[in-house]
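Survey of secondary and tertiary structure
Chain residues, written in single-letter form:
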2 protein chains.
Amino acid sequence: MKGIIFRFGLLAFALLALFQLSKYTLIAPGFSDELWIAIFATLFLTLGFVMSRQLRKNAANDAIDDIDSSRVEELGISQREYEVLVQIATGKSNKEIADTLFVSESTIKTHVSNLLSKLDARRRTQAVTRAKELRILK
Amino acid sequence: MKGIIFRFGLLAFALLALFQLSKYTLIAPGFSDELWIAIFATLFLTLGFVMSRQLRKNAANDAIDDIDSSRVEELGISQREYEVLVQIATGKSNKEIADTLFVSESTIKTHVSNLLSKLDARRRTQAVTRAKELRILK
DNA sequence: GTTGGACCGGTACTTAAGTACCACCGCCAT
DNA sequence: ATGGCGGTGGTACTTAAGTACCGGTCCAAC
């Protein structure tokens, strides 16, 4: 954030310096004021555009980062339980989750049951929506 | 989209016209070139910022609009079935959906069963993920 | 006017999900 | 070394979900 402002500020300064150089030296002494205005208008319009995009992209990345938060630990959800939660969100059955995680269906049932109580849900579908509300799932 | 470009183009034109007026008339004939450049740089930097934001907002709205597409009809999903699908996605049970839609649980079961076959899913959780893949649910 | 689809509701059934225990193992912290 | 915790797995059970029919109403299109 601060880095972006610094870099774009530097760029703006460089452009103004370029103007000084070009006006009083050999490069383009004959340019009219209107032309200069037009050039700088275009330049800074573009600059504003790019800056805005950069800032947005940064904000978006931050948002993605804090979607998966450390709230999982606060809820007392263990590593394995979270893995099961992710599998539930993809729409798999207990048997299918058991197969992908190489454990028995009984184990998955235990994990799911623990997840439901920790997420304060009564159904696996509700657990998924709760998890998204709590920003621990995409 | 075209409206935004038109409006901002008009705004840019107005600013340049303002420059012409102010330079050769009574308002501010004594301003130096550097000052003018600085003023226009700031103005157009802001303009670029605002334009970019407007365009982004528009794009976001478009994206939300085409998330709910007419693919629902292609799949032969009826109005009522879609309502049930939305309710499923919130994590409600058949009984809860029945209560909110003022029908019996049997009816909801029928709708859910039809939805599952139309969405090619075997569980309601899978139906939700399928629906999101098909962009008929947020 | 009858055919078709959407909607509602029911019965009877199978299967999946969820609950409530219990037990065993491995770890690591007190 | 003992207690707690995470992970695993089991049994026995209840409840929810899903399937496969059926019948009925309403409405629009042919």
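1. Examining helix α7 (residues 124-133) of chain A
- The element α7(A) is extensively covered by neighbouring structure, given that 7 of its 10 residues are classed as buried.
- Every buried residue of α7(A) is listed here: A:Arg124, A:Thr125, A:Gln126, A:Ala127, A:Val128, A:Thr129 and A:Ala131.
- Considering only its buried residues, α7(A) is in contact with α4 (79-89), α5 (94-100) and α6 (105-118) of chain A together with α4 (79-89) and α7 (124-133) of chain B.
- Looking one or two residues past α7(A), A:Arg135 carries a phi angle of roughly 60°, positive in sign.

2. A word on the environment of B:Arg122
- One can find B:Arg122 in the loop between α6 (105-118) and α7.
- Judged by relative accessible area, which is 61%, B:Arg122 ranks as exposed.
- Not counting chain neighbours up to four residues away, the residues in contact with B:Arg122 comprise A:Glu96 and B:Leu116.

3. Structural notes on the protein's contact with DNA strand D
- Taken together, 19 residues are adjacent to DNA strand D, and A:Ser78, A:Ser104, B:Lys109, B:Ser113 and B:Arg124 come closest.
- Protein-adjacent atoms of DNA strand D, using a 4 Å cutoff, are sugar or phosphate at a proportion of 73%.
- Between DNA strand D and A:Ser104 there is a distance of 2.7 Å, counted from a phosphate oxygen to a backbone nitrogen or oxygen.
- Those elements that provide at least two residues to the surface near DNA strand D are α4 and α6 of chain A together with α6 of chain B.
- Of the residues belonging to the surface near DNA strand D, the class tally is 3 nonpolar, 10 polar and 6 charged.

4. Some thoughts on unusual backbone geometry
- Despite not being glycine, A:Phe102 shows a phi value in the positive range, around 60°.
- Along the polypeptide, A:Phe102 turns up in the loop between α5 and α6.
- One non-glycine residue with positive phi stands out, namely B:Arg135, at about 60°.
- Inspection of the secondary structure assignment puts B:Arg135 in the segment after α7.
- You can call B:Arg135 partly exposed: its relative accessible area is 42%.

5. Here we look at the protein's contact with DNA strand C
- Neighbouring DNA strand C are 17 residues, the closest being A:Ser113, A:Arg124, B:Ser78, B:Val103 and B:Ser104.
- Residue A:Asn94 places a main-chain N or O atom 3.2 Å away from a phosphate oxygen belonging to DNA strand C.
- Of all elements in the fold, only α6 of chain A together with α4 and α6 of chain B reach the threshold of two or more residues within the surface near DNA strand C.
- Take the surface near DNA strand C: its biggest share by element is 4 residues, from α6(A).
- In terms of residue class, the surface near DNA strand C is built from 3 nonpolar, 9 polar and 5 charged.

The rules behind these values
Residues numbered from 1 in each chain as written. Chains lettered and ligands numbered in written order. Predicted model: local features only at pLDDT ≥ 70, side-chain atom pairs only at ≥ 80, totals over all residues. Heavy atoms only, no water. Buried < 20%, exposed > 50% of the residue type's maximum accessible area, 1.4 Å probe, protein only. Helix = DSSP H or I, 4+ residues; strand = E, 2+ residues; numbered from the N terminus. Contact = heavy atoms within 4.5 Å. Near = heavy atom within 4 Å. Polar contact = N/O pair within 3.5 Å; in protein donor to acceptor, adjacent residues only side chain to side chain. Nonpolar A, V, L, I, M, F, W, Y, C, P; charged D, E, K, R; others polar.

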